[in-house]
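A closer look at the structure
Here's the letter readout for the chains.
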Amino acid sequence: MRTVALIKRILLQILRDKRTLALLFVAPLLVLTLMNLVFNGNTVDPVLGVANGNQQLLEKLKGADIEVKEYNKVSNVNETILDKNLDGFLQVDGNKATITLLNNDPSIAKSLEMKVKQTYSKEIQLKLMGANAIRSELPSQDLMKTNYVYGSSDTELFDTFSPILVGFFVFFFVFLISGIGLLNERTTGTLERLLATPIKRGEIVTGYLVGYGILAVIQTIIIVLFAINVLDMVLVGSIWNVILINIIVALVALSLGILLSSFASSEFQMIQFIPIIVVPQIFFSGIFSIEGMAEWLQVFANFMPLYYAADALKGVMYEGLNLTDISSNLYILLAFSAVFIVLNLFALKKYRKL
Amino acid sequence: MSETNTIQIQEVTKSFGKKVVLKDINFDIKEGCIYGFIGPSGAGKTTLVKMIVGMDIPDKGFIYLLGKKMPNLNILQQIGYMAQSDALYMALTGKENLMFFASLFKLDKTEKQKRIAYAADLVNLTADLNKRVSAYSGGMKRRLSLAIALIQNPKVLILDEPTVGIDPELRLSIWTELLRLKNEEEKTIIVTTHVMDEAEKCDYIAMVRDGSFIATGTPRQLKDQYEVNSLEEVFLDAGRKVQ
Ligand SMILES: Nc1ncnc2c1ncn2[C@@H]1O[C@H](COP(=O)(O)OP(=O)(O)O)[C@@H](O)[C@H]1O
Ligand SMILES: [Mg+2]
């Protein structure tokens, strides 16, 4: 009952605070849009040459926002791509296919490859099921080979950027707002006042987790839907998994935010945690290759929640992994938040020994 | 021995770091009386009342409230506490503040509504109940804090400088109400103050200076003991004696 009263009060306070509302729900969308514009300057549909594709496949490809040009057999694929200004070329040969990517802009190349692979493997599966009802799922790698005009499959800088960004913004804004929420409760003396009532420490932590958790879930869903539907981020796996991962990320951010707020004595000091706690996580989240780091530095990655979040998000959004593939990442994230929640109970002891 | 002692303070000592803030305090508080802790700012009054409420624990000694050793969560249902500085939710209205704190205590719905109406009326805030607290004056915030302390109809009221920033007329009406609560509802009330004329209204006084009780007793007793006409003089005399 007391927890419910606390949750209601938190939501009412936030609802009255238009700036915080905007920071929660509008700011992430603005920043994501800006990032998207900066990194993917052209939102023009990629151009794909296709040789030997059947009509059904061509239609499907067009449906996936790809500009399709049909060719007869071509002798030199690389030359054709360069001559005709194509972003990629798909050669179909029975059940095998080869895609050649221009790859001058890895983000375009990667998303084109993903779209084509996805469309093609669905197509093949339909065909197989119709023909002889073979249920076995052929991994898409075996169905399609990828070649590059420039670079290789390792050319990835911004291609895996967007899923990480989604996770990062969920983390960042939830961390900041929940932290400042509890901090205000402390600095205005209401926390101390609260502890002169029969409320239990666990009820306070639960109230904060659920109250801000509700906001975080709404925020997460808005960010994910916006990123995928409006910004057209590549999504191969299930959107439900993306939302699930981000909700867990939000839980970690929430519990860490309210925990660290007990070590800050002003909102400015809360902001000071950003370069210490939040920024390093970006470096270890996979935007920069972790394998390329010094070994002692790599160890740090293991302590960064965003490292696991980014891994799971990349897996689902780019590689189409399902829940079981990413479950270990999710368990680790849940363990992080469990630890933070327990530490929160202890941190509150500073204010009341019971 | 303690059937009428609502609060027992036994050999309580408290330090912050190296600074000893309270030294070996022994004091019993009887049911149905008003006690005044009088002393200058920094004397240790707030530290003592916070320990009585259980928000802090003594380094040495014990505090019993209604027979239970503090801190004790269940006993908090019986304590109405008003902090020295107003701890209110600015974004919420006066009524929402009262509602929230009422929900933290065991009160059923109708009782809650009744208590909110009663407490708001007592401090003259009924007309301003739907205004946000951020639009309240200092005195209104103080009054709302007092209303919150009364919200769950507690047996014991612990009020830390309740009348600071409140105009004389309202101060008088608050004291009238405190006396009524004592007489009709047998509440035990502790008030801290540095205003001597408020001390006259208390049944018992404890004069606090530098972490010690330098004089205790009824206002009458104290004045007789020091052979002076005002509590102010008692305080000065007692202070000199200690030195
Ligand atoms: N949390 C604290 N940490 C350190 N010193 C404190 C703390 N709280 C109070 N003090 C010190 O204890 C002394 C008594 O304070 P307080 O109980 O607030 O006095 P009063 O309420 O009588 O004005 C003061 O010197 C104050 O500086
Ligand atoms: Mg004080």
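Please read all numbers here as calculations on a predicted model, not as lab measurements.

This part is about the overall build of chain B. Counting its secondary structure elements, chain B contains 8 helices and 10 strands. Over its C-alpha atoms chain B spans a radius of gyration of 18 Å, differing by no more than 12% from the 18 Å that the globule rule assigns to 243 residues. In terms of overall dimensions, chain B has C-alpha extents of about 50 × 35 × 35 Å along its principal axes. The proportion of buried residues among the 243 residues of chain B is 56%. For chain B, the share of sequence-separated contacts (at least 6 apart) that also reach a separation of at least 24 residues comes to 65%. Of the roughly 10,800 Å² of accessible surface on chain B, a fraction of 49% belongs to carbon and sulfur atoms. Of note, chain B has its 32 positive side-chain charges centred 6 Å away from the centre of its 31 negative side-chain charges.

The next point concerns the domain arrangement of chain A. All names here are of chain A. Per the domain assignment, the segments of chain A are domain 1 (2–38 + 158–350) and domain 2 (47–148). The distance between the C-alpha centroids of domain 1 and domain 2 comes to 38 Å. With 6 residues of domain 1 at the interface, the matching set in domain 2 holds 7 residues. Between domain 1 and domain 2, roughly 550 Å² of surface is buried when both sides are summed, and carbon and sulfur atoms account for 70% of that area. Summed over the shared surface of domain 1 and domain 2, the number is 0 residue pairs in polar contact (both at pLDDT 80 or more). Here the side of domain 1 that touches domain 2 is composed, by residue class, of 4 nonpolar, no polar and 2 charged.

Moving on, we come to the sheet that holds strand S4 (residues 60–65) of chain B. Strand pairs in the sheet, formed through backbone hydrogen bonds, run parallel or antiparallel to each other. All names here are of chain B. The 4 strands lie next to each other as S2-S1-S4-S5, forming an open sheet whose pairing is antiparallel. On the outer flanks of this sheet lie strand S2 (19–30) and strand S5 (68–69), each paired with one strand and no other. As paired strands, strand S1 (residues 5–16) and S4 are joined by 5 bridges and run antiparallel to one another. In the strand pairing of S4, isoleucine 9 is matched with isoleucine 63. Docked against the sheet, helix H1 (residues 45–53) engages S1, S2 and S4, running at close to 125° with respect to S1.

Right, let's talk about the site of ligand 1 for a bit. All names here are of chain B. Taken together, the neighbourhood of ligand 1 is formed by Phe16, Lys19, Val21, Pro40, Ser41, Gly42, Ala43, Gly44, Lys45, Thr46, Thr47 and Gln84. One of the side-chain nitrogen or oxygen atoms of lysine 19 is found 3.3 Å away from an oxygen atom of ligand 1. Residue glycine 44 places a main-chain N or O atom 3.0 Å away from an oxygen atom belonging to ligand 1. A total of 560 Å² of accessible area belongs to ligand 1 in isolation, and the protein chains cover 61% of it. Residue assignment for the shell around ligand 1 shows that the elements contributing at least two residues are S2 and H1. Taken together, the residues of the shell around ligand 1 break down into 4 nonpolar, 6 polar and 2 charged.

Conventions and cut-offs
- Residues numbered from 1 in each chain as written.
- Chains lettered and ligands numbered in written order.
- Predicted model: local features only at pLDDT ≥ 70, side-chain atom pairs only at ≥ 80, totals over all residues.
- Heavy atoms only, no water.
- Helix = DSSP H or I, 4+ residues; strand = E, 2+ residues; numbered from the N terminus.
- Rg over C-alpha atoms; globule rule 2.2 N^0.38 Å.
- Buried < 20%, exposed > 50% of the residue type's maximum accessible area, 1.4 Å probe, protein only.
- Contact = heavy atoms within 4.5 Å.
- Areas by Shrake-Rupley, 256 points an atom, 1.4 Å probe, with all protein chains shown as cover.
- Lys, Arg positive; Asp, Glu negative; His and termini not counted.
- Charge placed at Lys NZ, Arg CZ, Asp CG, Glu CD.
- Domains from an automatic or database assignment.
- Buried area = accessible area lost by both parts, 1.4 Å probe.
- Polar contact = N/O pair within 3.5 Å; in protein donor to acceptor, adjacent residues only side chain to side chain.
- Nonpolar A, V, L, I, M, F, W, Y, C, P; charged D, E, K, R; others polar.
- Pairing = 2+ DSSP bridges.
- Axes fitted to C-alpha atoms, helices over the stretch in contact; angles between N-to-C directions.
- Near = heavy atom within 4 Å.

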